[in-house]
Structures are given as C-alpha cells and as structure tokens.
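Residues per chain are reported as follows:
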Amino acid sequence: MDAFINGYRALLIAVDNRPAAWRLIFDAHPESAAGRRVAAGRKTVSDAATAWIAPAMTRWWHTGHLDRKLPALIELFMASCDAAVRVVLDESNDLDVEQTAVLFGTMMAHGFEKA
C-alpha cells in the first residue's frame, strides 16, 4: 500500500507545485498540438506505471491472468490519477495533498489486491 500512497504523493506534490500546468493537461484538446503532446506525456506515465505495477501485482498479490487484466488495471490507475489531480486542483475541496495521496493510494492498493 505504501508504494501506491507514495506514488500518489509524488504526483500530487507535482500538481500542488505547478497547478496551472496540470490544469492545462486536464483541459487540453486532443486534436491540438498541445493535446498531442499531453497524450504523449500520459502514455509515458502509463508505460512507467505498467513497468512497476505489473511486477508488483505478481510479487505482492500473485494476481492470476495478469496479462489479460493489466490493460484494464492500468486504465483504472490512470483514471484514478486524473481524479486525484482534480481533487487537489479543486479549490472547494478541503483535502490536502497528503490526505488525498493516502486516500487514493489506500483505495487503489486495496482494489488492485482484489483484482
């Protein structure tokens, strides 16, 4: 679970340090040049997440049929990152970066354990 929490913490600290850049990422239009760069950046994040999540799923939880499940798990992880970023960027939300990292890291670790 700590790996998930630490990952969310690193992402959300980056968001907290440069909120305008992250607002651009989540408001980008995919048909624009900026949108294509954002899509490439998201693919980099997805590839990096796959590189550590796949071995973790095997080592920590002995997940069966991982080759079939992994694409869906990575999509879920990326969507949860989107949600965590939006929570941090939402000024009406009273969760800070640390609370958000712990919340999302805990939820996703438990969810992935049951996959």
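For the structure, check the block above.
Attention in this report is confined to the structure presented alongside it.

Scoring rules and cut-offs
Residues numbered from 1 in each chain as written. Predicted model: local features only at pLDDT ≥ 70, side-chain atom pairs only at ≥ 80, totals over all residues. Heavy atoms only, no water. Helix = DSSP H or I, 4+ residues; strand = E, 2+ residues; numbered from the N terminus. Rg over C-alpha atoms; globule rule 2.2 N^0.38 Å. Buried < 20%, exposed > 50% of the residue type's maximum accessible area, 1.4 Å probe, protein only. Contact = heavy atoms within 4.5 Å. Areas by Shrake-Rupley, 256 points an atom, 1.4 Å probe, with all protein chains shown as cover. Lys, Arg positive; Asp, Glu negative; His and termini not counted. Charge placed at Lys NZ, Arg CZ, Asp CG, Glu CD. Core = buried A, V, L, I, M, F, W, Y, C linked by side-chain atoms within 4.5 Å.

With respect to the overall build of the protein chain
- Broken down by element type, the protein chain carries five helices and zero strands.
- Listing each helix as α and each strand as β along the protein chain from the N terminus yields α-α-α-α-α.
- Against the compact-globule benchmark of 13 Å for 115 residues, the protein chain has a radius of gyration of 15 Å, which places it among compact chains.
- The principal-axis extent of the C-alpha atoms belonging to the protein chain is close to 40 × 35 × 15 Å.
- Per-residue burial for the protein chain yields a buried fraction of 35% across its 115 residues.
- Restricting to contacts in the protein chain with at least 6 residues of sequence separation, those with at least 24 account for 71%.
- Accessible surface, the protein chain as shown: approximately 6900 Å² in total, 59% of it carbon and sulfur.
- Counting 12 positive and 14 negative side-chain charges, the protein chain places the averaged centre of each group 8 Å from the other.

Thoughts on the environment of Met107
- Within the secondary structure, Met107 sits in helix α5 (residues 97-113).
- The partly exposed category is assigned to Met107, whose relative accessible area is 44%.
- Once the C-alpha coordinates of Met107 and Ile5 are considered, the two residues, 102 residues apart in sequence, prove to be 9.4 Å apart.

Some points on the nonpolar core
- Membership of the largest hydrophobic core comes to 29 residues, with the highest contact counts inside it found for Phe4, Tyr8, Ile53, Phe77 and Phe112.
- Sorting the residues of this core by element identifies α1 (2-17), α3 (33-61), α4 (66-89) and α5 as the ones contributing at least two each.
- Among the elements that take part in this core, α4 stands out by supplying twelve residues, more than any other.
- In this structure Phe4 touches Trp52, Trp60, Trp61, Phe77, Gly105, Met108, Ala109 and Phe112, once residues within four positions along its chain are discounted.

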